[in-house]
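Below are the chains, spelled out letter by letter.
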Amino acid sequence: MRIRLASPADGPHLAAIYRPAVIDHATSFELEPPDGAEMGRRVIALSARTPWLVAEEADHLLGYAYASPHRERPAYAWSVEVSAYVDPAAHRLGVGRALYLSLIAILRLQGFQSGYAGIALPNPASIAFHEAMGFLLVGTYHRVGYKHGEWRDVRWYERSLGDHPGDPPIPRPLPAVVQEPAFVRALTSGIR
């Protein structure tokens, strides 16, 4: 398995991995699954600032993870929301863990300080995964979304990514760090 930055050309594969979370489960609060072109556009939009990673083996995508802005107000600049989706055929093979380890290492390199993850309930597997990855429970938004005929709660988790210094520099955008040797180490840190 290797981990690399996603490209817009990965869009169809990303859409296929994401589709069950939209159609079959309440994991995602989207109601219509995006197509490959839309997923490619999302990769472009997020990659201007934060990483979107894919794990692949023999040119087959096993899963992906990405970070997006937590909120838009300037004081939130040091915080991101993280998500990961893994092909059902690759569940419980360490793909999500590898992706998150690399994602977290890159986010630290960029200077982000806090990561947040929202988990639509019920989802005991995602809760166990995030807790194993060092995320701590913040709280629950009750009946915040309506999907598949019922109101859904979302449980929020947080993880420190840095040491929260006084007067922190603004996190560097992804393109500013990809040429650094430390980036390659961060990108491959999930593969051991």
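Up top you'll find the structure we're talking about.
Residues numbered from 1 in each chain as written. Predicted model: local features only at pLDDT ≥ 70, side-chain atom pairs only at ≥ 80, totals over all residues. Heavy atoms only, no water.

Let's shift gears to the packing of aromatic side chains. Inspection of every chain in the model, using the stated rule, returns nine aromatic pairs. For the pair Trp52 and Tyr64, a centre-to-centre distance of 5.5 Å together with 25° between the ring planes defines the contact as stacked. Residue Trp52 is located in strand 2 (residues 52-57), and its partner Tyr64 is located in strand 3 (residues 60-69); the two are separated by twelve residues in the primary sequence. By relative accessible area, which is 2% here, Trp52 ends up buried. Since its relative accessible area comes to 1%, Tyr64 is described here as buried. Measuring from centroid to centroid gives 5.1 Å for Tyr100 and Phe129, while their planes differ by 50°, and the two rings are tilted. With Tyr100 in helix 3 (residues 95-110) and Phe129 in helix 4 (residues 124-132), this pair connects stretches of sequence that are 29 residues apart. (Phe/Tyr/Trp six-rings, centres within 6.5 Å; stacked < 30°, edge-to-face > 60°. Helix = DSSP H or I, 4+ residues; strand = E, 2+ residues; numbered from the N terminus. Buried < 20%, exposed > 50% of the residue type's maximum accessible area, 1.4 Å probe, protein only.)

What follows is about the packing of helix 1 (residues 11-23) against helix 2 (residues 36-47). Two numbers describe a pair of packed helices, the interaxial angle and the distance between the axes. With their axes 7 Å apart at the nearest point, helix 1 and helix 2 run at an angle of 105° to one another. Judged by the angle between their axes, helix 1 and helix 2 are roughly perpendicular. Contact residues: Gly11, Pro12, Leu14, Ala15 and Tyr18 in helix 1; Gly36, Met39, Gly40, Arg42 and Val43 in helix 2. Broken down by class, the residue content of the contact of helix 1 with helix 2 amounts to six nonpolar, three polar and one charged. (Axes fitted to C-alpha atoms, helices over the stretch in contact; angles between N-to-C directions. Parallel < 35°, antiparallel > 145°, perpendicular 65-115°, else oblique. Contact = heavy atoms within 4.5 Å. Nonpolar A, V, L, I, M, F, W, Y, C, P; charged D, E, K, R; others polar.)

Structurally, Tyr146 is set in strand 6 (residues 136-147). Along the primary structure Tyr146 and Asp10 are separated by 136 residues, whereas in three dimensions their C-alpha atoms are 30 Å apart. Setting aside anything within four residues of it in sequence, one finds Tyr146 in contact with Leu31 and Trp151. A polar contact of 3.4 Å, which involves the side chain of Tyr146, links it to the backbone oxygen of Gly149. (Polar contact = N/O pair within 3.5 Å; in protein donor to acceptor, adjacent residues only side chain to side chain.)

Next up on the list: the sheet that holds strand 5 (residues 114-120). A sheet is described by the order of its strands in space; here seven strands give the open sequence 1-2-3-4-5-7-6, paired in mixed fashion. On the outer flanks of this sheet lie strand 1 (2-5) and strand 6, each paired with one strand and no other. For this sheet the average axis-to-axis angle between neighbouring strands, irrespective of direction, equals 25°. Pairing of strand 3 with strand 4 (residues 79-86) involves seven bridges; the strand directions are antiparallel. Within the sheet, the bridge partner assigned to Ser68 lies in strand 4 and is Glu81. Sitting on the sheet, helix 1 is in contact with strand 2, strand 3, strand 4 and strand 6, with an inclination near 75° to strand 3. (Pairing = 2+ DSSP bridges.)

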